[in-house]
Amino acid sequence: MVHGWDPRTKLVGLFWITGALLWTKPAFFLAATLGYFAMSAAARMPRALTVHTVRGWAPFLGMLFIVHAVSWNALLKQPLVLERLVAPADVQAAALSVWRLALMILWAVLLTATTKTGEIQ
């Protein structure tokens, strides 16, 4: 079903989802995640492709999480207090950033997996 869609429709959809992920509240992330899995199932995309993509991006996403979650100012102060070093609000913001970027990547992979390169060009 997804493979037969016009490439322009899929590209506009990717732009819309990416833009929505930039400016929406975290509740949209759940809908975008469920939508991704529904669309990848409709496209009969192998689950291994999703796993492979996430595994490939994991080092970058992990570093992004660490940079966002750790308070570098608290790291330089003495005495070192764990609650100030890794504040729950910072961890939540870091998790949302990683989730947002992972969704953008996965939706882009879905587009490229269901569209011929010549059609995208």
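This text gives an overview of the structure that appears in the document. Bear in mind that the values here come from a model prediction, so they are computed numbers and not experimental data.

Quick notes on the packing of aromatic side chains
Right, on to step 1. Scanning the model with the defined rule gives five aromatic pairs in all.
Right, on to step 2. The interplanar angle of 75° and the centroid separation of 5.9 Å between the aromatic rings of Y36 and W107 together place this pair among those described as edge-to-face. Taken as a pair, Y36 in helix 2 (residues 27-42) and W107 in helix 6 (residues 88-114) lie far apart in primary sequence, 71 residues in all.
Right, on to step 3. Judged by its relative accessible area of 1%, Y36 is buried.
Right, on to step 4. Judged by relative accessible area, which is 10%, W107 ranks as buried.
Right, on to step 5. Ring geometry for W57 versus F60: centroids 5.8 Å apart, planes at 75°, classification edge-to-face. Here the residue W57 and the residue F60 both occupy positions in helix 3 (residues 47-69), the gap between them amounting to three residues, near one helical turn.
Right, on to step 6. Cluster of aromatic residues (ring-pair linked, three or more members): Y36, F37 and W107.

A few points about helix 1 (residues 7-23)
Right, on to step 1. In this model, helix 1 (17 residues) spans 25 Å end to end at C-alpha, consistent with the 24 Å of a helix rising 1.5 Å per residue.
Right, on to step 2. For helix 1, the complete set of buried residues consists of P7, K10, L14, I17, G19, A20 and L21.
Right, on to step 3. On the buried face of helix 1, the contacting elements are helix 2, helix 6 and helix 7 (117-120).

Rules used throughout
Residues numbered from 1 in each chain as written. Predicted model: local features only at pLDDT ≥ 70, side-chain atom pairs only at ≥ 80, totals over all residues. Heavy atoms only, no water. Phe/Tyr/Trp six-rings, centres within 6.5 Å; stacked < 30°, edge-to-face > 60°. Helix = DSSP H or I, 4+ residues; strand = E, 2+ residues; numbered from the N terminus. Buried < 20%, exposed > 50% of the residue type's maximum accessible area, 1.4 Å probe, protein only. Expected span 1.5 Å × (residues − 1). Contact = heavy atoms within 4.5 Å.

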